[in-house]
Amino acid sequence: MFQFTVRRIIWVIPTMLAVATIVFLVMRVAAGDPAIAILGEYASAESIAALRAKLGLDRSLWSQYGSYMWDLLHGHLGRSLINNKPVASYIASLLPRTAELAVAGMAIGVIIGVPLGVLTALRSRSFVDYLGRVFALVGLSMPAFYLGILLLLVFAVKLRWFPVISVASSPSLLDNLYALFLPALSLGLIKAAFVSRMTRSTMLEIMGEDFVRTARAKGLREGLVIYKHGFRNALIPVVTVIGIYMGALLGGAVLTETVFNRPGIGKLLVGALRERDYPVIQSTLMMFAGFVIFVNLAVDLLYGFIDPRIRYE
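We now turn to the structure provided with this report. Just so it is clear, the model here is predicted, and its values are computed rather than measured. (Residues numbered from 1 in each chain as written. Predicted model: local features only at pLDDT ≥ 70, side-chain atom pairs only at ≥ 80, totals over all residues. Heavy atoms only, no water.)

Quick word on the packing of helix H5 (residues 87-122) against helix H6 (residues 127-141)
At their nearest, the axes of H5 and H6 sit 8 Å apart, and the two run at 140° to each other. Classed by the angle they form, the pair H5 and H6 counts as oblique. H5 and H6 meet at a crossing whose hand is left-handed. For the pair H5 and H6, contact is made by Leu116, Leu119 and Thr120 and by Val128, Asp129, Gly132 and Phe135, respectively. Its residues assigned to classes, the contact of H5 with H6 comprises four nonpolar, two polar and one charged. (Axes fitted to C-alpha atoms, helices over the stretch in contact; angles between N-to-C directions. Helix = DSSP H or I, 4+ residues; strand = E, 2+ residues; numbered from the N terminus. Parallel < 35°, antiparallel > 145°, perpendicular 65-115°, else oblique. Left-handed = near helix turned anticlockwise from the far one by under 90°. Contact = heavy atoms within 4.5 Å. Nonpolar A, V, L, I, M, F, W, Y, C, P; charged D, E, K, R; others polar.)

Things to note about the nonpolar core
Counting 43 residues, the largest nonpolar core has Leu101, Leu182, Ala184, Leu187, Leu249 and Phe288 as its most contacted members. Every element with two or more residues in this core is listed here: helix H1 (2-29), H5, helix H7 (144-158), helix H8 (173-207), helix H10 (222-259), helix H11 (265-275) and helix H12 (278-306). Broken down by element, the residue count for this core peaks at eight residues, all from H12. (Core = buried A, V, L, I, M, F, W, Y, C linked by side-chain atoms within 4.5 Å. Buried < 20%, exposed > 50% of the residue type's maximum accessible area, 1.4 Å probe, protein only.)

Overview of the side chain of Asp129
Along the chain, Asp129 falls in helix H6. Overall, Asp129 belongs to the buried group, its relative accessible area being 0%. Excluding residues that lie within four positions of it along the chain, Asp129 makes contacts with Thr120, Arg123, Ser124 and Arg200.

Quick look at the pattern of salt bridges
For the structure shown, the criterion picks out five salt bridges. A salt bridge links Arg262 to Glu100, with the shortest nitrogen-to-oxygen separation between them at 2.5 Å. With Arg262 in the loop between H10 and H11 and Glu100 in helix H5, the pair connects residues that are 162 residues apart, well separated along the chain. Relative accessible area serves as the criterion here: at 1%, Arg262 is assigned to the buried category. The residue Arg200 makes a salt bridge to Asp129 at a minimum N-O spacing of 2.7 Å. Here Arg200 is found in helix H8, whereas its partner Asp129 is found in helix H6, with 71 residues between them in sequence. By relative accessible area, which is 17% here, Arg200 ends up buried. One salt-bridge network, in which partners are shared between bridges, spans Asp129, Arg133 and Arg200. (Salt bridge = Lys/Arg side-chain N within 4 Å of Asp/Glu carboxyl O.)

What is shown is where atoms sit, not what they do.
Listed below in structure tokens is the structure:
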């Protein structure tokens, strides 16, 4: 496993370089000029040209790419084109908020999705199964931002149980959890739909295998059969879906932070896209890519702990 881990970590380097190159080229090809976004559409051509020269946007594409990669390899994320503040300071201050939102959403999705998937598989074609399948269908079909708006209207505007702006009024843990609940629930319910659907289908397949019937014929307790022979063998596909959906969870966090007016990397990215702030966009997208790569590596390593028969070569 050690050699496998080292090889995967080494492969992270060219992967991140490829992502950085793609992000850089896409931002330069996309429509929009940061100088016009800063000065406005009615600024004079001389003012726009002077600002482009000041920001280094008048240089050739290869010159800008070389400077960008040189700074990136030395750990410099650059400065915002809008206010000249270091991008690293933005990310350092906002990353904990986005991380806690993603972790809370993932926790809610797993806590609801896995038991619901197991229950609907064991009660196949019953009323509970139909309810679980409807929940999964609705969750798969509903965008995260739309669910967030519905939760805001019901629990914040109508019932007034939660704040409209999901920012803690004090640094205490309870206030932070109180403000975090609705955005995390918005992400978690959609993730629960994915997880429950995969858990149900995998459990149905596993519980119909010969080794499960043999375990029951030997007189093992039903709970032991479900957990040891059913659930443990169904974990690998479920863990794979959880890992894959973490990338979608970050995408949902971008919209969720905007809907709930919650400060975070997602809201920072939306503002940077509107203002064509290249360094901020490139750094946040690189951070998202690094997070997805790390999650995929963790999932691959987790396979060996779930199923000891798996060997890494």
